[in-house]
Amino acid sequence: MADNPKKKGRDRELVSEQEHEVAYLMRTAKVTRQKALEAIREAGPNRDNVMAYVQSK
């Protein structure tokens, strides 16, 4: 993700291991920090893939 979290465009489709993105994933998917980081590492940077990975576990 870009350094500016308000930036729109392709960056909105991606997720990284930055703290605010991990916190958002934890909140929206209701998972622990460890599970959120595991999902990002295993599913790659695509937000849809990460959410699918979290829901499949």
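See the structure printed just above.
What counts and what doesn't
Residues numbered from 1 in each chain as written. Predicted model: local features only at pLDDT ≥ 70, side-chain atom pairs only at ≥ 80, totals over all residues. Heavy atoms only, no water. Helix = DSSP H or I, 4+ residues; strand = E, 2+ residues; numbered from the N terminus. Buried < 20%, exposed > 50% of the residue type's maximum accessible area, 1.4 Å probe, protein only. Contact = heavy atoms within 4.5 Å. Areas by Shrake-Rupley, 256 points an atom, 1.4 Å probe, with all protein chains shown as cover. Arc of directions from axis to C-beta. Salt bridge = Lys/Arg side-chain N within 4 Å of Asp/Glu carboxyl O.

Participant: Hey, could you run me through the overall build of the protein chain in this one?
Facilitator: When you go through the protein chain residue by residue, the secondary structure sums to three helices and zero strands. Listing the helices and strands of the protein chain from first to last along the sequence gives α-α-α. Every one of the 57 residues in the protein chain was classed for burial, and the buried ones make up 30%. Residue pairs in contact within the protein chain that sit at least 24 positions apart in sequence constitute 31% of those at least 6 positions apart. Just so you have it, the protein chain exposes about 4200 Å², and 49% of that area is on carbon and sulfur atoms.

Participant: Explanation requested: helix α2 (residues 33-43) in the structure shown.
Facilitator: At 3.6 residues per turn, the α-helix brings residues three or four places apart onto the same side. Among all positions in α2, only A36, L37, A39 and I40 are buried. Considered in projection along α2, the buried side chains sweep an arc of 155° and stay on one side of the axis. In α2, the exposed positions that point more than 90 degrees away from the buried face belong to Q34, R41 and E42. Buried-residue contacts for α2 involve α1 (19-29) and α3 (47-56). Just downstream of α2 lies G44, where phi reads positive at about 90°.

Participant: What is the right way to read the pattern of salt bridges from this model?
Facilitator: Side chains carrying opposite charge are able to pair once their charged atoms draw close together. This structure, assessed with the given rule, holds three salt bridges. Among the salt bridges present, the one from E21 reaches R47, with a minimum N-O distance of 3.9 Å. Of the two residues, E21 sits in helix α1 while R47 sits in helix α3, which places them 26 residues apart along the sequence.

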